[in-house]
Amino acid sequence: MARWRPDILESETTPEALWLRRRDFLMLGAAGALSLAWPERTAAAAAPSGAALPIARRAELAGGEASTPWDDVTSYNNFYEFGTDKSDPVQRAGSLRPRPWTVTIDGEVKKPLTLDIDALIKRFPLEERVYRMRCVEAWSMVIPWVGFPLGDLLRQVEPTSKAKFVAFQTLLDPAQLPGQRRAVLDWPYVEGLRIDEATHPLTLLAVGLYGRVLPGQNGAPLRLVVPWKYGFKGVKSIVRITLTEKQPPTSWSRLAPSEYGFYGNVDPAVDHPRWSQARERRIGEFLKRKTLPFNGYGEVASLYAGLDPRKLY
Ligand SMILES: Nc1nc2c(c(=O)[nH]1)N[C@H]1C(S)=C(S)[C@@H](COP(=O)(O)O)O[C@H]1N2
Ligand SMILES: [Mo]
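Everything numeric in this text was worked out from a predicted model, so none of it was measured.

(A) Molecular detail of the overall build of the protein chain. When you go through the protein chain residue by residue, the secondary structure sums to 8 helices and 13 strands. Taken across its 313 residues, the protein chain has 51% of its residues classed as buried. Residue pairs at least 24 apart in sequence account for 70% of intrachain contacts in the protein chain once pairs closer than 6 positions are excluded. Accessible surface, the protein chain as shown: approximately 14,600 Å² in total, 56% of it carbon and sulfur.

Here it is, written out as structure tokens:
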């Protein structure tokens, strides 16, 4: 047992679910763990659930890596509108009513739009995109999203020449999102992208994962997915998308501007003021792995030519 102690002490930086599994391992002993714990865990793994979505195209953009199991993707979440623990969203997301749901696209556009979520979804062929996702807290997952490029929607509303940024807003409704009764962040959660980032073909509006509609805890019925940025850019349960001339405020940079910037680009060379960003723990894995520049999506680098990488946190 003694030689495992350094691992036990690491529990502070280890996702709780993984740590519990590791503790199972320790309590059973190595032989017991091999013969009992793994088969048990496999048998208990839940199949994806929820309404199936029609998928027109599929793209595997995670370097052939296996997707993180449905169970982990849907039970280890950040969604502060349901509480600040990773296990809060799955337990509390039942209060969110993702249907009926209305989305507005307005601001610097020639054709503003207010549309029911299902009418919006029907406008676009849905794609499955398997992406690596990296949280600023140094854990990561591989997630098979279902959605459509945000750029396809923005083209339909015809941005004016003044449209330089895109602002996103989560639903504001403490009855559905009870965490909004506490002033953890300024509600509603807001996020933003430059227009060239927003129209980059990798940038998705997601409506599902694993072929099913998004569970509440993952941001039903509509959330942003930007795979080269830290997870906080992926604003959930969106009700409004506004094109603007000026850079919009973002929730995390408003709270702690020196820790969370507007860009949030994944960069292993630029540490967070309180921890290293050089490595990450892939949920379900034992050892940490190296974090890749732009989370491995280096094709976006040209968007930032000439900008100081230290300003891109
Ligand atoms: N509205 C809202 N969106 C949010 C958050 C949040 O607290 N509220 N958390 C962000 C963070 S920090 C991460 S890592 C991702 C997590 O998405 P997932 O739970 O689907 O993996 O959601 C992002 N979007
Ligand atoms: Mo995050």
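And the narrative resumes.
(B) Broad picture of the site of ligand 1. In the vicinity of ligand 1 there are 15 residues, among which Asn77, Tyr80, Glu81, Gly234 and Lys236 approach most closely. The separation between an oxygen atom of ligand 1 and a polar side-chain atom of Asn218 is 3.0 Å. A distance of 2.7 Å separates an oxygen atom of ligand 1 from a polar atom in the side chain of Lys236. Across the complex, the protein chains shield 96% of the 540 Å² of accessible surface that ligand 1 would expose by itself. One can see that ligand 1 is located within the largest pocket. Of the residues belonging to the shell around ligand 1, the class tally is 6 nonpolar, 6 polar and 3 charged.

(C) Just the layout of surface pockets, in detail. Considered as a void within the structure, the largest pocket measures approximately 610 Å³ in volume. What lines the largest pocket is a set of 36 residues, and nearest its centre among them are Asn78, Cys135, Trp139, Gly231 and Phe232. At the level of elements, strand S4 (127-134), strand S5 (139-149) and strand S10 (223-225) are the ones that each hand at least two residues to the lining of the largest pocket. For the lining of the largest pocket, the element with the most residues is S5, which contributes 4 residues.

(D) View of the packing of aromatic side chains. Tallied over the entire structure, the rule returns 13 aromatic pairs. Centre to centre, the rings of Trp70 and Tyr210 are 6.1 Å apart; their planes meet at 80°, and the pair counts as edge-to-face. Remark: Tyr210 occurs in the loop between strand S8 (204-209) and strand S9 (212-213) and Trp70 occurs in helix H3 (residues 70-73); sequence separation between them is 140 residues. Taking the relative accessible area as the measure of exposure, Tyr210 reaches 23% and is therefore partly exposed. Where Phe294 meets Tyr304, the ring centres are 5.7 Å apart and the plane angle is 15°; that geometry is what we call stacked. Of this pair, Phe294 sits in the segment after strand S13 (289-290) while Tyr304 sits in the segment after S13, placing them 10 residues apart in sequence. Look at Phe294 and you get buried, because its relative accessible area is 18%. When its relative accessible area of 4% is taken as the criterion, Tyr304 is described as buried. By the ring-pair criterion, three or more aromatic residues cluster together here, those being Tyr80, Tyr230, Phe232, Trp252 and Tyr260. Above the face of the Tyr297 ring, Arg132 is positioned so that its terminal group lies 4.8 Å from the ring centre.

(E) Spatial organisation of the sheet that holds strand S7 (residues 190-194). On the basis of which strands lie adjacent, the open sheet formed by 5 strands has the order S3-S2-S11-S6-S7 and mixed pairing. A single partner strand is all that each edge strand has here, and the edge strands are strand S3 (113-116) and S7. For this sheet, the mean angle separating the axes of adjacent strands, direction not counted, is 15°. Relative to strand S11 (residues 238-244), strand S2 (residues 102-107) runs parallel, the two sharing 4 bridges. Paired with Thr104 across the strands is Arg240, a residue of S11.

Basis of the calculations
Throughout, residues of each chain are indexed from 1 in the direction in which the sequence is written. For naming, the first written chain is A and the first written ligand is 1, with later ones following in the order written. This being a predicted model, a pLDDT of at least 70 is required before a residue's local features are given, and a value of 80 or more before pairs of side-chain atoms are given or counted; all residues contribute to the totals for chains, interfaces and linings. Neither water nor hydrogens contribute to the side-chain values; these are computed over all heavy atoms in the structure. Secondary structure elements follow DSSP: runs of H or I of four or more residues count as helices, runs of E of two or more count as strands, with numbering from the N terminus. Categorising residues by exposure relies on relative accessible area from a 1.4 Å probe, with only protein chains included: less than 20% of the type maximum marks a residue as buried, more than 50% marks it as exposed, and the intermediate range marks it as partly exposed. Any two residues whose heavy atoms approach within 4.5 Å are treated as being in contact. Computed with a 1.4 Å probe, the accessible areas rest on the Shrake-Rupley method; for each residue, only the protein chains presented here act as cover. We call a residue near a molecule or strand as soon as one heavy atom of that residue lies within 4 Å of the molecule or strand. Polar contact is the term for a pair of N or O atoms within 3.5 Å; when the atoms are in protein, one must be able to donate a hydrogen and the other to accept it, and sequence-neighboring residues count only if both atoms are side-chain atoms. Grid points spaced at 1 Å over the protein atoms alone were grouped into cavities, where a 1.4 Å probe fits but cannot get out, and pockets, open sets with protein on both sides within 12 Å along at least five of seven lines, with lining residues defined by an atom within 4 Å of a point. To qualify as sitting in a cavity or pocket, a molecule needs more than half of its atoms within 2 Å of the grid points. In this count, Pro and Cys sit with the nonpolar residues alongside Ala, Val, Leu, Ile, Met, Phe, Trp and Tyr, while Asp, Glu, Lys and Arg are called charged and the others, Gly among them, polar. Grid points are joined across faces, edges and corners, and a volume is the space filled by probe spheres set on the points. Stacked, tilted and edge-to-face are the three classes applied to pairs of Phe, Tyr and Trp rings, where Trp contributes its six-membered ring and a pair requires centres within 6.5 Å; stacked means planes under 30 degrees apart, edge-to-face means over 60, and tilted covers the rest. In this scheme, the term charge over a ring applies when either NZ of a lysine or CZ of an arginine sits within 6 Å of the ring centre and within 35 degrees of the ring normal. Whether two strands pair depends on DSSP finding at least two bridges between them. Helix axes are fitted to C-alpha atoms over the stretch in contact, other axes to C-alpha atoms as well, and angles between N-to-C directions run from 0 to 180 degrees.

In short, the description is geometric, and any link to function would need to be established separately.
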